[in-house]
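The chain contents come next:
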2 protein chains.
Amino acid sequence: MSSPLTRSQPFDDPGLVAARAALVRDLRRILPADAILADEEAVRPYECDGLSAYRQTPLLVVLPRTIDEVRLILRHCHDRGVPVVARGAGTGLSGGALPAADGVLLSLARFNRILALDPVNRTARVQPGVRNLAISEAARPYGLYYAPDPSSQIACTIGGNVAENSGGVHCLKYGLTVHNVLAAQVLTIDGELLEFGGAALDAPGYDLLALFIGSEGLLGIVVEVTVKLLPMPERAQALLAAYDDVELAARAVGDIIAAGFIPAGLEMMDRLAIQAAEDFVHAGYPTNAAAILLCELDGTNEEVSEQVAQIRPLLLAGGATEVRTARDEAERLRFWQGRKAAFPAVGRLAPDYYCMDGTIPRHRLPEVLRRTAELAEIYGLRVANVFHAGDGNMHPLILFDANQPGELARTEELGGLILELCVAVGGTITGEHGVGIEKIQQMCVQFTAAELDQFQAVKQAFDPLGLLNPGKGIPTPRRCSEYRQLPTRRPDDAAPPQSLDRP
Amino acid sequence: MSSPLTRSQPFDDPGLVAARAALVRDLRRILPADAILADEEAVRPYECDGLSAYRQTPLLVVLPRTIDEVRLILRHCHDRGVPVVARGAGTGLSGGALPAADGVLLSLARFNRILALDPVNRTARVQPGVRNLAISEAARPYGLYYAPDPSSQIACTIGGNVAENSGGVHCLKYGLTVHNVLAAQVLTIDGELLEFGGAALDAPGYDLLALFIGSEGLLGIVVEVTVKLLPMPERAQALLAAYDDVELAARAVGDIIAAGFIPAGLEMMDRLAIQAAEDFVHAGYPTNAAAILLCELDGTNEEVSEQVAQIRPLLLAGGATEVRTARDEAERLRFWQGRKAAFPAVGRLAPDYYCMDGTIPRHRLPEVLRRTAELAEIYGLRVANVFHAGDGNMHPLILFDANQPGELARTEELGGLILELCVAVGGTITGEHGVGIEKIQQMCVQFTAAELDQFQAVKQAFDPLGLLNPGKGIPTPRRCSEYRQLPTRRPDDAAPPQSLDRP
């Protein structure tokens with residue numbers, strides 16, 4: 001969060017005012033009046049996404065209704081060298097939809113129609129502004145649903161999911177967005193409509209569909225998405241296991257997977273997260289536990305019964321102090337309610353919180369937890385831990401108070417160290433939230449200069465002028481060399497960085 | 001198969017002889033003597049892959065042993081502008097490993113070690129020249145296996161599988177190569193080593209791993225692959241259903257999927273394929289049937305029993321004249337033996353055969369079969385049909401005699417029409433064999449000019465000089481405009497092309 005972009009440019013900067021006036025004049029020729037927002041009050045809601053520590057008003061906001069309107073906007077921006085940042089619902093957590101001060105914020109909010117739902121082939125063709133949950137709601141009458149379920153699924157859109165390759169609590173078994181999208185139509189920055197993927201398992205040519213998914217709006221604008229629908233499982237059941245040692249809980253995750261089970265969800269929360277969730281939604285969690293595991297099993301009635309019967313003793317043998325089986329659907333939903341409310345629940349414990357997102361190999365979970373706790377202690381900050389433990393996707397939540405001088409900077413630094421710790425144990429700096437503006441410096445740790453060069457070359461192949469979502473996702477070589485020259489702050493160092501504001 | 005490349009250049013062409021001598025001299029400085037083959041007799045085995053209608057001797061063959069050797073070869077070729085074609089086992093069916101007359105054929109045969117097998121995390125790290133089946137053999141003691149199983153799995157290598165995004169009879173349930181590879185190390189044409197993917201479900205940056213898989217050696221050379229291993233299912237059972245109408249068999253495929261089953265394999269063979277396979281391996285197939293379906297179910301014992309009990313009546317209700325359940329493991333394997341031997345079995349029926357590979361939406365199977373039969377009739381050629389029916393991947397086998405004047409050309413034309421028929425019904429020109437040299441013209445039908453331009457731009461981002469596997473995979477705009485100017489031969493035309501040599 002120490003990017004130059006945090007020094008946001010004011011909306012009424014004279015240069016921006018002149019550029020805005022010229023652009024509004026041009027766009028009025030190709031768009032209806034209600035598709036352009038250029039007043040400070042009107043654009044203010046678009047100044048940030050879910051990572052609200054970064055804010056920037058855009059030059060203006062456009063709200064097109066048709067592919068042709070998007071094409072005209074892109075062509076115009078391309079011809080005039082105006083940056084374009086696409087936005088779905090703005091629920092992203094890595095600042096991927098942070099506007100450019102001198103650019104257009106392209107909202108896909110009006111692309112909100114489900115175009116076709118084919119229950120026989122189990123697909124839905126939707127516009128990018130359709131909400132994730134709306135797809136499952138439309139599919140429910142046919143006994144189908146769309147599997148990826150980010151916590152924000154009530155609000156987030158499928159276009160945003162494609163941009164971030166979103167996951168959710170069920171992605172351990174059902175995969176990320178990339179595993180559940182069959183095809184997409186995209187517009188390039190120069191207004192060409194391309195179609196990638198299709199109904200078939202394989203497609204000729206390069207796999208540009210997979211390349212687009214997770215590309216964070218840097219390669220083009222997704223204007224239509226075809227998703228796979230899955231049959232709703234006959235039954236789901238959840239187990240809740242309590243531990244008085246967080247490392248035992250972490251080991252149990254490995255035990256379950258090693259025994260050959262792939263739960264529909266396998267989530268872990270530590271004491272701080274448990275207590276916060278319990279205070280907030282009264283899920284019935286054991287508040288004296290150091291950690292809990294939530295393990296959901298789905299499938300046919302028989303399969304689920306058999307798996308519950310096998311996993312219960314395995315959890316007890318692994319040191320669980322208690323293993324509960326949800327006694328009915330209401331209790332199962334209550335188990336999940338606590339987990340799903342964990343972020344806002346933890347958010348009530350401090351004025352601000354910062355949600356990290358990294359992945360690690362599952363078997364390194366115990367040591368990463370230990371080291372995270374040590375780092376939190378050194379930095380004098382509280383960290384609550386909520387994980388998609390089954391796939392090693394950690395969400396440490398750092399509690400802080402942005403009004404205390406230096407505390408935001410300390411939080412950023414601790415967050416950066418946690419991400420680099422993920423890389424050091426063979427993991428990655430993002431599980432499902434993307435890089436955006438937030439983790440662009442850690443990309444320099446994750447990848448070699450040659451790999452970053454290759455990313456830049458791919459970007460060039462789609463957007464040679466660098467107009468799409470500038471400054472996000474992929475750092476420039478200059479940015480990385482500057483970052484690498486900062487005082488060393490790698491997690492392997494025994495001591496914290498000298499510049500650190502110790503508590 | 002009407003590409004200019006079929007006019008192969010002779011090995012002793014004076015220009016090539018001189019270029020060869022110079023290149024050998026240079027490469028001897030960086031490679032051991034036994035890593036360079038430059039005699040006509042020694043390079044002859046590399047002149048084609050499984051699509052033997054195309055043949056071309058390379059300038060020379062290199063057989064490096066280490067990543068450093070590959071790097072030196074690539075750097076040298078890059079600096080001198082020499083084309084490079086990579087080759088695994090040469091079992092590919094689309095001519096993807098056809099050498100360039102003026103280029104190096106880079107064999108990865110000596111990269112044949114399994115570097116690590118991690119039974120806890122269920123991964124194997126292997127060199128690209130490791131055979132597909134060798135991975136499963138090495139994993140068997142741990143109760144694990146590698147899922148994608150091309151018919152050539154005894155011989156084909158994982159590097160070739162990555163290049164072609166290979167599937168197999170089990171890919172309906174377990175996915176293609178792209179769904180089973182976790183990470184890869186690749187060398188770019190200028191000798192940079194890049195690493196893509198990792199143990200985590202998601203990775204930051206663009207998904208270059210997915211981009212590489214199926215890129216047919218056009219973007220770089222894969223030098224290490226990490227694959228996912230799966231637990232061997234407790235039990236597998238196969239059903240064999242016979243039909244006296246091929247369209248009923250095609251409909252049954254849709255019925256099974258629509259009822260919510262995802263069989264481990266769902267294969268279909270028509271009368272000609274059945275009879276050929278039966279004559280060849282005595283699988284016990286009903287030779288009077290117009291079509292058979294093979295439906296394999298795997299999982300726990302209970303799951304399999306339940307599915308067999310449900311699918312059997314469904315097949316009978318759909319018009320099967322007979323449904324057999326393999327009475328023991330030996331019979332199950334015999335069912336599959338017939339299917340796996342179908343290509344060589346059909347090959348015994350005529351001097352030559354040409355194996356096509358296209359995919360279609362499952363529900364279009366009946367009409368595509370009907371139209372294929374009509375086209376075969378018009379062209380006076382016999383076509384046997386073998387399908388991965390569950391995922392709509394067709395393998396029509398055209399029987400012909402290359403020694404009969406015009407018959408190869410007629411076969412090529414019929415094959416092209418079948419592929420374009422696939423595109424016309426919403427399918428693709430390849431299911432798992434890749435485009436290679438074989439289908440490069442049909443790429444012009446599959447994709448728009450803008451899409452092909454984007455592919456070329458991606459190619460440029462990796463290989464600006466166009467040295468990697470030139471002339472394969474992605475057609476140049478010129479090639480497409482030439483192809484589009486040919487007399488119309490689209491499948492929607494009622495009449496066959498006028499130039500057609502009618503029987």
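Under the annotation held in an unreviewed UniProt entry, chain A carries the name FAD-linked oxidase C-terminal domain-containing protein and is attributed to Thioalkalicoccus limnaeus. Database annotation for chain A, UniProt heading Cofactor (unreviewed entry): "FAD".

Let us now look at the overall build of chain A. Across its full length, chain A holds 17 helices and 19 strands. Its C-alpha radius of gyration of 23 Å places chain A within 12% of the 23 Å reference for a compact globule of 503 residues. With the C-alpha coordinates aligned to their principal axes, the bounding extent of chain A is approximately 70 × 60 × 40 Å. Going through the 503 residues of chain A one by one, you find that 60% of them count as buried. Taking the contacts inside chain A whose residues are at least 6 apart along the sequence as the reference set, 72% of them involve residues at least 24 apart. As displayed, chain A has an accessible area near 18500 Å², and 50% of this comes from carbon and sulfur atoms. In chain A, 46 side chains carry a positive charge and 62 a negative one; their mean positions are 2 Å apart.

Residues and elements named next belong to chain B. Direction vectors running N to C along helix 16 (residues 449–462) and helix 17 (residues 477–484) enclose 155°, while the axes themselves pass 10 Å from each other. The pairing of helix 16 with helix 17 is recorded here as roughly antiparallel in orientation. Crossing hand, helix 16 versus helix 17: right-handed. Contacts between helix 16 and helix 17 involve A449, L452, D453 and Q456 on the former and, on the latter, P477, C480 and R484. A breakdown of the residues in the contact of helix 16 with helix 17 according to their chemical character gives four nonpolar, one polar and two charged.

Residues and elements named next belong to chain B. Judged by how many residues are buried, strand 18 (residues 382–388) sits mostly within the fold: six of seven residues are covered. One ladder, built from two bridges, connects strand 13 (residues 265–270) with strand 18; its direction is antiparallel. By the bridge assignment, M269 is partnered in strand 18 with V386. With seven bridges connecting them, strand 18 and strand 19 (residues 393–400) associate as antiparallel partners. Counted as the bridge partner of H388 is N393 from strand 19.

The subject of this paragraph is the nonpolar core. The nonpolar side chains of a soluble globular protein tend to be buried, and buried together. Membership of the largest hydrophobic core comes to 196 residues, with the highest contact counts inside it found for A:M268, A:L315, B:M268 and B:L315. Excluding residues that lie within four positions of it along the chain, A:M268 makes contacts with A:V246, A:A249, A:A250, A:A291, A:I292, A:L293, A:L365, A:L369, A:N385, A:V386, A:F387 and A:A389.

Our focus in this paragraph is the relation of the copies chain A and chain B. Of the transformation placing chain A onto chain B, the axial shift is 0.0 Å and the rotation is 180°, giving an RMSD of 0.0 Å. Viewed as a symmetry operation, the transformation between the two copies matches a two-fold axis. Interface overlap between copies: 100% of the residues of chain A at the interface are likewise at the interface in chain B, consistent with a symmetric, same-surface contact.

Before going further, it helps to spend a moment on the interface of chain A and chain B. Of the residues lining the interface, 56 residues belong to chain A; the matching set on chain B comes to 56 residues. For the chain A and chain B pair, buried surface summed over both sides reaches about 4700 Å², with 63% attributable to carbon and sulfur atoms. Across the chain A-chain B interface, the total number found is eight residue pairs in polar contact (both at pLDDT 80 or more). Residue assignment for the side of chain A that touches chain B shows that the elements contributing at least two residues are strand 9 (193–197), helix 7 (208–212), helix 8 (246–258), helix 10 (301–317), helix 15 (443–446) and helix 16 (449–462) of chain A. The element best represented in the side of chain A that touches chain B is helix 16 of chain A, accounting for nine residues. Classifying every residue of the side of chain A that touches chain B by side-chain character gives 28 nonpolar, 15 polar and 13 charged.

With that settled, consider the sheet that holds strand 1 (residues 36–37) of chain A. For sheets, the rule is that strands pair by backbone hydrogen bonds, running either parallel or antiparallel. Residues and elements named next belong to chain A. Within the open sheet, the four strands sit side by side as 1-2-4-3. Their pairing is mixed. Where the open sheet ends on each side, the last strands, each with one partner, are strand 1 and strand 3 (84–87). Pairing between strand 3 and strand 4 (residues 104–107): four bridges, direction parallel. When the sheet's bridge partners are listed, A86 is paired in strand 4 with L106. Its contacts with the sheet put helix 1 (residues 14–28) on strand 1, strand 2 (60–62) and strand 4, and the angle it makes with strand 2 is roughly 20°. Relative to strand 4, helix 3 (residues 67–80) is tilted by about 165°, and along the sheet it contacts strand 2, strand 3 and strand 4.

Next up on the list: the sheet that holds strand 1 (residues 36–37) of chain B. All names here are of chain B. With respect to topology, four strands assemble into an open sheet ordered 1-2-4-3, the strand pairing being mixed. The sheet terminates laterally at strand 1 and strand 3 (84–87), the two strands that pair on one side only. Looking at chain direction, strand 1 and strand 2 (residues 60–62) are connected through two bridges and run antiparallel. The partner of L37 across the bridge, within strand 2, is V61. Where helix 1 (residues 14–28) meets the sheet, its contacts fall on strand 1, strand 2 and strand 4 (104–107), and the angle it forms with strand 2 comes to roughly 20°. With respect to the sheet, helix 3 (residues 67–80) is in contact with strand 2, strand 3 and strand 4, its orientation differing from that of strand 4 by roughly 165°.

What follows is about the confidence of the model for chain A. Residues and elements named next belong to chain A. Scored by pLDDT, chain A has a mean of 91; 95% of the residues are at 70 or more. Scored below 50 in pLDDT, residues 1–5 makes 17 contacts in the model with residues more than four places away or belonging to other chains. Below pLDDT 50 for its whole length, residues 490–503 participates in 28 contacts with residues either more than four positions away or in separate chains.

Geometry of an aromatic ring pair is reported as the spacing of the ring centres plus the angle between the planes. Under the defined criterion, the tally for this structure stands at 10 aromatic pairs over all chains. Relative to A:F212, the ring of A:F196 lies with its centre 5.6 Å away and its plane at 45°, an arrangement referred to as tilted. Of this pair, A:F196 sits in strand 9 while A:F212 sits in helix 7, and the two are 16 residues apart along the sequence. Relative accessible area serves as the criterion here: at 4%, A:F212 is assigned to the buried category. Residues A:F455 and B:Y206 carry aromatic rings whose centres are separated by 5.7 Å and whose planes lie at 80° to one another, so their mutual orientation is edge-to-face.

A common way to report how large an interface is uses the accessible area buried once the components associate. Residues and elements named next belong to chain A. Annotation of chain A at the domain level lists domain 1 (4–107), domain 2 (120–231), domain 3 (235–343) and domain 4 (350–446). Put simply, the middle of domain 1 and the middle of domain 2, counted by C-alpha atoms, are 24 Å apart. On the side of domain 2, 14 residues touch domain 1, which itself brings 13 residues to the contact. Together, the buried faces of domain 1 and domain 2 total about 1200 Å²; carbon and sulfur atoms form 69% of this surface. The interface formed by domain 1 and domain 2 includes zero salt bridges. Counting across the domain 1 and domain 2 interface gives two residue pairs in polar contact (both at pLDDT 80 or more). Going through the elements one at a time, helix 3 and strand 3 are the ones with two or more residues in the side of domain 1 that touches domain 2. Sorting elements by how many residues they give to the side of domain 1 that touches domain 2 places helix 3 first, with six residues. Tallied by class, the residues present in the side of domain 1 that touches domain 2 amount to seven nonpolar, four polar and two charged.

Cut-off values and rules
- Residues numbered from 1 in each chain as written.
- Chains lettered and ligands numbered in written order.
- Predicted model: local features only at pLDDT ≥ 70, side-chain atom pairs only at ≥ 80, totals over all residues.
- Heavy atoms only, no water.
- UniProt positions renumbered as here; feature names shortened; annotations may be inferred.
- Helix = DSSP H or I, 4+ residues; strand = E, 2+ residues; numbered from the N terminus.
- Rg over C-alpha atoms; globule rule 2.2 N^0.38 Å.
- Buried < 20%, exposed > 50% of the residue type's maximum accessible area, 1.4 Å probe, protein only.
- Contact = heavy atoms within 4.5 Å.
- Areas by Shrake-Rupley, 256 points an atom, 1.4 Å probe, with all protein chains shown as cover.
- Lys, Arg positive; Asp, Glu negative; His and termini not counted.
- Charge placed at Lys NZ, Arg CZ, Asp CG, Glu CD.
- Axes fitted to C-alpha atoms, helices over the stretch in contact; angles between N-to-C directions.
- Parallel < 35°, antiparallel > 145°, perpendicular 65-115°, else oblique.
- Left-handed = near helix turned anticlockwise from the far one by under 90°.
- Nonpolar A, V, L, I, M, F, W, Y, C, P; charged D, E, K, R; others polar.
- Pairing = 2+ DSSP bridges.
- Core = buried A, V, L, I, M, F, W, Y, C linked by side-chain atoms within 4.5 Å.
- Least-squares fit on C-alpha atoms with pLDDT ≥ 70 in both.
- Buried area = accessible area lost by both parts, 1.4 Å probe.
- Polar contact = N/O pair within 3.5 Å; in protein donor to acceptor, adjacent residues only side chain to side chain.
- pLDDT = per-residue confidence, 0-100.
- Phe/Tyr/Trp six-rings, centres within 6.5 Å; stacked < 30°, edge-to-face > 60°.
- Domains from an automatic or database assignment.
- Salt bridge = Lys/Arg side-chain N within 4 Å of Asp/Glu carboxyl O.

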